[in-house]
Amino acid sequence: MSAIVEGPSRICLALGVGLLVARLGVFAPVSLRLAAASQATVFQWQVLRAGPFTWVLPVLFDRTATLFARVVCLIAGRTLFFAQRYIGEEAHLHRFTALVCLFVGSMMLLIFCPSLVGLLLGWDGLGLSSFLLVVYYQNPRSLAAGMVTVLTSRLGDVALLLAIGLCGVGGC
């Protein structure tokens, strides 16, 4: 095996290192600071502004959220390291890497957004990226497993929408 990493494999390796660095360099100090202060921090992120319409998404940093983010970054970083060695010669490794990044981004949205819009976007992003990762090899077995993934995700959608409806009626 050559020591030089080239092409899409280099991108996969760089993203794996980036996720591990984010885990240690970003989320670890934030987690320690929040644990010491025993408080949460909420940022208002202005996503879109079009005329009178403004879409603001709250982003919540607390001890639990940063712990989950660290675990997600660790697992995703190790997955990309493994993928670089296991499927490094794959012609479409960049597609796999993008799907893992979509999965991680959706997971981060689900972890850090305390709003219903963030919850729905994160959940649907996870469902879509999970399906696309499961059917990555495009064979009948992976397609059957992908259909199970889609059905499970849709069941989660129904439960989530029912919970939102019940909270709207009953006032959670």
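What you see is a predicted model; the values in this text were computed from it and never measured.

Asks: What is the right way to look at the pattern of salt bridges in this model?
Replies: Should the charged atoms of two oppositely charged side chains come close, the side chains can pair. Evaluated as defined, the whole model comprises 2 salt bridges. Among the salt bridges present, the one from Asp124 reaches Arg154, with a minimum N-O distance of 3.5 Å. Placement of the pair is Asp124 in helix 4 (residues 116-134) and Arg154 in helix 5 (residues 140-170), with a sequence separation of 30 residues. The class for Arg154 is partly exposed, based on a relative accessible area of 39%.

Asks: Whenever I open this one, the packing of helix 4 against helix 5 confuses me. Can you help?
Replies: Axes are the key here: two packed helices are described by the angle between their axes and the distance separating the axes. Relative orientation of the contacting elements helix 4 and helix 5 amounts to 170°, with a least axis distance of 8 Å. Classified by the angle their axes make, helix 4 and helix 5 are roughly antiparallel. The class makeup of the residues in the contact of helix 4 with helix 5 is 12 nonpolar, 7 polar and 3 charged.

Asks: Is there a simple way to think about helix 2 (residues 63-86) in this case?
Replies: Helical geometry note: an α-helix holds 3.6 residues per turn, so side chains three or four residues apart project in the same direction. If you check helix 2, its first and last C-alpha atoms are 34 Å apart, about what 24 residues at 1.5 Å a residue would give, namely 34 Å. Of all the residues in helix 2, the buried ones are Ala65, Thr66, Ala69, Val72, Cys73, Ala76, Gly77, Leu80, Ala83 and Gln84.

Asks: I would appreciate a short explanation of the pairing of strand 2 (residues 53-61) in the present structure.
Replies: Pairing of strand 1 (residues 41-50) with strand 2 involves 9 bridges; the strand directions are antiparallel. From the neighbouring strand, Gln46 faces strand 2, where its bridge partner is Val56. Between the end of strand 1 and the start of strand 2, which pair antiparallel, lie 2 residues, with Gly51 showing a positive phi angle near 65°.

Asks: What am I meant to see in the nonpolar core here?
Replies: In summary, soluble globular proteins display a tendency toward joint burial of nonpolar side chains. Grouped together as the largest cluster of nonpolar side chains are 18 residues, with contacts concentrated most on Phe96, Val100, Val104, Met108 and Phe112. At the level of elements, helix 2 and helix 3 (93-112) are the ones that each hand at least two residues to this core. Broken down by element, the residue count for this core peaks at 8 residues, all from helix 3.

Asks: Explain the packing of aromatic side chains to me, please; I cannot follow it from the model alone.
Replies: Each pair of aromatic rings is reported with the distance of its centres and the angle of its planes. The tally for this structure, following the rule as stated, stands at 5 aromatic pairs. Residues Phe82 and Tyr86 carry aromatic rings whose centres are separated by 5.2 Å and whose planes lie at 15° to one another, so their mutual orientation is stacked. Taken together, the residues Phe82 and Tyr86, both in helix 2 and 4 residues apart, mark about one turn of the helix.

Asks: Looking at this structure, how should I read a nonpolar patch on the surface?
Replies: Taken together, the side chains of Trp45, Val47, Leu48 and Phe53 make up a nonpolar region of the molecular surface, amounting to roughly 390 Å² of accessible area. By residue number, the principal contributor to the nonpolar patch is strand 1, which donates 3 residues. Exposure remark for Phe53: the relative accessible area of 46% places this residue in the partly exposed category.

Asks: Looking at this model, I keep getting lost on the packing of helix 2 against helix 3. Mind explaining?
Replies: It is the contact of helix 2 with helix 3, at a shortest axis distance of 10 Å, that shows an interaxial angle of 175°. Taken together, the axes of helix 2 and helix 3 are roughly antiparallel relative to one another. Between helix 2 and helix 3, the contacting residues are Ala65, Thr66, Phe68, Ala69, Val72, Cys73, Ala76, Thr79, Leu80 and Ala83 on the first element and Leu93, Phe96, Thr97, Val100, Val104, Met107, Met108, Ile111 and Phe112 on the second. Tallied by class, the residues present in the contact of helix 2 with helix 3 amount to 16 nonpolar, 3 polar and no charged.

Asks: Teacher, can you tell me more about the environment of His92 here?
Replies: With respect to the helices, strands and loops of the structure, His92 is situated in the loop between helix 2 and helix 3. A relative accessible area of 38% places His92 in the partly exposed class. It is 9.6 Å that separates the C-alpha atoms of His92 and Tyr136, two residues lying 44 residues apart in sequence.

Conventions used here
- Residues numbered from 1 in each chain as written.
- Predicted model: local features only at pLDDT ≥ 70, side-chain atom pairs only at ≥ 80, totals over all residues.
- Heavy atoms only, no water.
- Salt bridge = Lys/Arg side-chain N within 4 Å of Asp/Glu carboxyl O.
- Helix = DSSP H or I, 4+ residues; strand = E, 2+ residues; numbered from the N terminus.
- Buried < 20%, exposed > 50% of the residue type's maximum accessible area, 1.4 Å probe, protein only.
- Axes fitted to C-alpha atoms, helices over the stretch in contact; angles between N-to-C directions.
- Parallel < 35°, antiparallel > 145°, perpendicular 65-115°, else oblique.
- Nonpolar A, V, L, I, M, F, W, Y, C, P; charged D, E, K, R; others polar.
- Expected span 1.5 Å × (residues − 1).
- Pairing = 2+ DSSP bridges.
- Core = buried A, V, L, I, M, F, W, Y, C linked by side-chain atoms within 4.5 Å.
- Phe/Tyr/Trp six-rings, centres within 6.5 Å; stacked < 30°, edge-to-face > 60°.
- Patch = residues over 30% accessible without salt bridge, like charges linked within 9 Å, V, L, I, M, F, W, Y side chains within 5 Å.
- Areas by Shrake-Rupley, 256 points an atom, 1.4 Å probe, with all protein chains shown as cover.
- Contact = heavy atoms within 4.5 Å.

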